[in-house]
Amino acid sequence: MTNSSEFTDVLQSRDPCVSNGVVISIDPIDPEPTPIRKEFTLEDTFHSVHHGNSEGFKTLTAFLCLMLSAFLNFFLLTVIHDVVPRQPLPDLTFMIIPQQRWAWSVGDVLSTVSSVVAFTIIFLHHQRWIVLRRTFLLGAIMYGLRAVILGVTFLPPSFHNRDEICQPQVNRTAMYGMEIATRFLTYVITLGLTSGQDKILCGDLMFSGHTVVLTIMYFVQLQYTPRGLVLLRYIAAPITFLGIAALVVSGGHYTMDVLIAYWLTSHVFWSYHQIFEMKKEDRPQAPLSRLWWFWLCYWFEADVADGKLVNKWNWPLEGPQKMHAIMNRINLKLQ
């Protein structure tokens, strides 16, 4: 039998990991530690700051697009008011339910409530810049399309007592430019909310801008609310559809105005999310990429990760720290 010293000599000659009779075992599964370079941390910080600046710039650009579309709507209304005929069209709803002027204020209030809830959800969302930008873009698309329709076809006011509600039409005189400027400024200041005015401009009917707001705010709540807030979604639905119904009952819109507005908004909203939740390399070849607004929005979504956003909440401000802890506990309950 070979003695122990000879056996050790043989092991040392065959395996360099054996020293002084002690076998050193190296686990091949554990990788060698990789030193952390300072350059990586600095570069990562730079990209993080650059990404944050890019998100802010894109959100601001989307907001400017929305303002451009909205102001174009306001301007067209100031001109259309003096062009549209005054004899209202027949409408099935008006034949069944007498027009109720008070319902217009209800529509304004419900659209405001829905907007406050939706924007609260947006600012608490951990991807708030992306959600806010998408909301602005969808509004810009819808109001841009609305401006085109307003400018090509003029529908008469839907009010039966239109002479009591609509401002008088004026002739194009030397002072007409000043009248247009005054009207436009009034609508910009009030953001188109006219429920508190004695007489309003008439003619911006096809399609309902209030319905666009109600519908987008409703869909934002459906899409970006954590699963634990299912009850909020059931509350949002009656607010939305009661607000839309109030717009028709008030006589401020024909039934077709709100139906077409809801139909178009729902198709644009869900088509947008369908295509931009796909993988980036698949988007240009998808059938939805043939939509006219696809390439307009493609740049805005270039830095967004594939797939649906995870609906988590966090506190948008640095302090107080207690709010961050509260939001963490809320997230645990809502997921």
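The protein is annotated in an unreviewed UniProt entry as Sphingomyelin synthase-like domain-containing protein from Caenorhabditis remanei. Of the protein, the UniProt comment under Sequence similarities (unreviewed entry) reads exactly: "Belongs to the sphingomyelin synthase family." The Subcellular location (unreviewed entry) comment attached to the protein in UniProt states, word for word, "Membrane".

### Brief notes about the layout of surface pockets
The gaps of empty space that remain are located by a probe, the size of a water molecule, rolled over the atoms. Put simply, the second largest pocket is a space of about 190 Å³. Along its surface, the second largest pocket is lined by Glu-55, His-126, Gln-127, Arg-128, Trp-129, Ile-130 and Pro-316. The greatest single-element share of the lining of the second largest pocket, amounting to three residues, is contributed by helix H5 (residues 128–152). When the residues that make up the lining of the second largest pocket are grouped by side-chain class, the tally is three nonpolar, two polar and two charged.

### Description of the packing of helix H9 (residues 230–249) against helix H10 (residues 255–276)
Relative orientation of the contacting elements H9 and H10 amounts to 150 degrees, with a least axis distance of 8 Å. Here H10 runs roughly antiparallel to H9, going by the angle between their axes. Crossing geometry of H9 relative to H10 is assigned as right-handed. Between H9 and H10, the contacting residues are Phe-241, Ile-244, Leu-247 and Val-248 on the first element and Thr-255, Val-258 and Tyr-262 on the second. Of the residues in the contact of H9 with H10, the class split is six nonpolar, one polar and no charged.

### A closer look at unusual backbone geometry
Of the consecutive residues Met-206 and Phe-207, the connecting peptide bond is found in the cis state with omega at 0 degrees. Mapped onto the secondary structure, Phe-207 falls in the loop between helix H7 (176–190) and helix H8 (209–224).

### Considerations on the state of the cysteines
According to the stated counting rule, one finds one disulfide in the structure shown. Residue Cys-166 pairs covalently with Cys-202 via a disulfide, S to S 1.9 Å. Linking Cys-166 and Cys-202, the disulfide has an S-S dihedral of approximately -95 degrees and is accordingly described as left-handed. Of this pair, Cys-166 sits in the loop between helix H6 (162–165) and H7 while Cys-202 sits in the loop between H7 and H8; the two residues are 36 residues apart in sequence, bridging distant segments of the chain. The residues Cys-166 and Cys-202 share a single accessibility class, namely buried. Unpaired in this structure, Cys-65 has its nearest cysteine sulfur neighbour in Cys-297, at a distance of 8.8 Å.

Rules and cut-offs
- Residues numbered from 1 in each chain as written.
- Predicted model: local features only at pLDDT ≥ 70, side-chain atom pairs only at ≥ 80, totals over all residues.
- Heavy atoms only, no water.
- UniProt positions renumbered as here; feature names shortened; annotations may be inferred.
- 1 Å grid on protein atoms, 1.4 Å probe; cavity = no way out; pocket = protein on both sides within 12 Å on 5 of 7 lines; lining within 4 Å.
- Points joined across faces, edges and corners; volume = space filled by probe spheres on them.
- Helix = DSSP H or I, 4+ residues; strand = E, 2+ residues; numbered from the N terminus.
- Nonpolar A, V, L, I, M, F, W, Y, C, P; charged D, E, K, R; others polar.
- Axes fitted to C-alpha atoms, helices over the stretch in contact; angles between N-to-C directions.
- Parallel < 35°, antiparallel > 145°, perpendicular 65-115°, else oblique.
- Left-handed = near helix turned anticlockwise from the far one by under 90°.
- Contact = heavy atoms within 4.5 Å.
- Disulfide = S-S within 2.5 Å.
- Buried < 20%, exposed > 50% of the residue type's maximum accessible area, 1.4 Å probe, protein only.

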